[in-house]
Amino acid sequence: MSPRLAFALDAAYVAGRSTLAHFNTGVHVEDKADASPVTIADREAERLIRCAIQRSFPGESILGEEEGGDLLSTDRWVVDPIDGTKSFVCGVPLYATLLSYEQDGEPILGVCYFPALDEVVYAERGTGAFWNGRPCRVSSKNDLSVSYVSSGSAGSMMGFGRWEGFSSIVKTAKATRTWSDAYGHALVATGRIEAMIDPIVKPWDTSALAVIVREAGGRLTDFVGNDKLSAEAISSNGKLHDEILRAFL
Ligand code: IPD
Ligand code: CA
Ligand code: CA
């Protein structure tokens, strides 16, 4: 494991554990300009990660959801202190702390830590993906009719014009669930489900997960199959990817 990945694992762990002080406590919830929720736990966790980066890698660029930062740099740390704030504020343990490092515009390592589950999935380009320290891989199912597919909310599918395509997947798949946010992609990377579909994401939502899913043998693309991270994301075990993309043509 590279020193950079070891650092990222530790920083995500420490920041993630800090969120537990506010989890299931009735923490005050504010609405941001885009109406998404934020709490002191989001802000504190991002601050911890930023301070840790500044101590260990002084001067390096950071993009974080709560404090903003470098939208243009091709070499940077990318932080989502709590991915799944809606879960967090409802006391649902499926939220994550995400940290990645991008080089030449591509994520080269990513950590996805679930504080309330004490579960971690991580990867570094070229060395495979790991789930709680053991290698993990996507599932080998190649038939949508026996596959489990997770997704963002029904509202986001409707709001971003993906309802029709998603409906055809719902009809074909064995089961659909909204195990949402990073958790859905982590389920794909660990072979527990076959695909995760999210019609609206930001750079900090997918950076860590892209390298994790790919190193686990899967694909993470936009809705037309481009690997470049954008404002939407489908991850899958790879075998079902083209069939899922066809539903959205
Ligand atoms: C949300 C999640 C979700 C995506 C939303 C994001 P947050 O992040 O990443 O999967 O669909 O667009 O806002 O706000 O819980 O960090
Ligand atoms: Ca997020
Ligand atoms: Ca967040």
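Above this note sits the structure.
Residues numbered from 1 in each chain as written. Chains lettered and ligands numbered in written order. Predicted model: local features only at pLDDT ≥ 70, side-chain atom pairs only at ≥ 80, totals over all residues. Heavy atoms only, no water.

Draft legend 1. The arrangement of the packing of aromatic side chains in detail. What the rule picks out here adds up to 12 aromatic pairs. With 5.4 Å between their ring centres and 65° between their planes, Phe7 and Trp77 make a pair best called edge-to-face. With a gap of 70 residues between them, Phe7 in helix α1 (residues 3-19) and Trp77 in strand β5 (residues 76-83) connect regions that are remote in the sequence. Classification of Phe7 by relative accessible area gives buried; the value is 12%. Of the residues examined, Trp77 reaches a relative accessible area of 0% and is grouped as buried. A centroid spacing of 5.3 Å and a plane angle of 90° characterise the contact between Phe114 and Tyr183, whose relative ring orientation is edge-to-face. Taken together, the residues Phe114 in strand β7 (residues 106-114) and Tyr183 in helix α6 (residues 181-189) connect sequence positions 69 residues apart. Under the relative-accessibility criterion, Phe114 is labelled buried at 0%. What links up through ring pairs into an aromatic cluster is the set Phe7, Phe57, Trp77 and Tyr101. The ring of Tyr101 carries the charged tip of Arg4 above its face, separated from the ring centre by 4.1 Å. (Phe/Tyr/Trp six-rings, centres within 6.5 Å; stacked < 30°, edge-to-face > 60°. Helix = DSSP H or I, 4+ residues; strand = E, 2+ residues; numbered from the N terminus. Buried < 20%, exposed > 50% of the residue type's maximum accessible area, 1.4 Å probe, protein only. Lys NZ or Arg CZ within 6 Å of the ring centre and 35° of its normal.)

Draft legend 2. Highlighting helix α5 (residues 163-172). When α5 is considered as a whole, its buried residues turn out to be Gly165, Phe166 and Ile169. Each buried residue of α5 lies within a common arc of 95° when the element is viewed along its axis, so the set occupies one face. Opposite the packed face of α5, turned more than 90 degrees from it, sit the exposed residues Glu164 and Lys171. On its buried side, α5 packs onto β11 (148-151), α4 (154-159), β13 (195-198) and α8 (241-247). (Arc of directions from axis to C-beta. Contact = heavy atoms within 4.5 Å.)

Draft legend 3. Expanded view of the sheet that holds strand β15 (residues 233-236). Strand order in the open sheet formed by five strands is β12-β11-β13-β15-β14, with mixed pairing between adjacent strands. Because the sheet does not close on itself, it has two edges, and the strands there are β12 (175-177) and β14 (219-221). Within this sheet the neighbouring strands show an average axis-to-axis angle of 15°, counted without direction. Of the pairings in the sheet, the one linking β14 to β15 comprises three bridges and is antiparallel in character. Within β15, the residue paired with Arg219 across the bridge is Ser236. (Pairing = 2+ DSSP bridges. Axes fitted to C-alpha atoms, helices over the stretch in contact; angles between N-to-C directions.)

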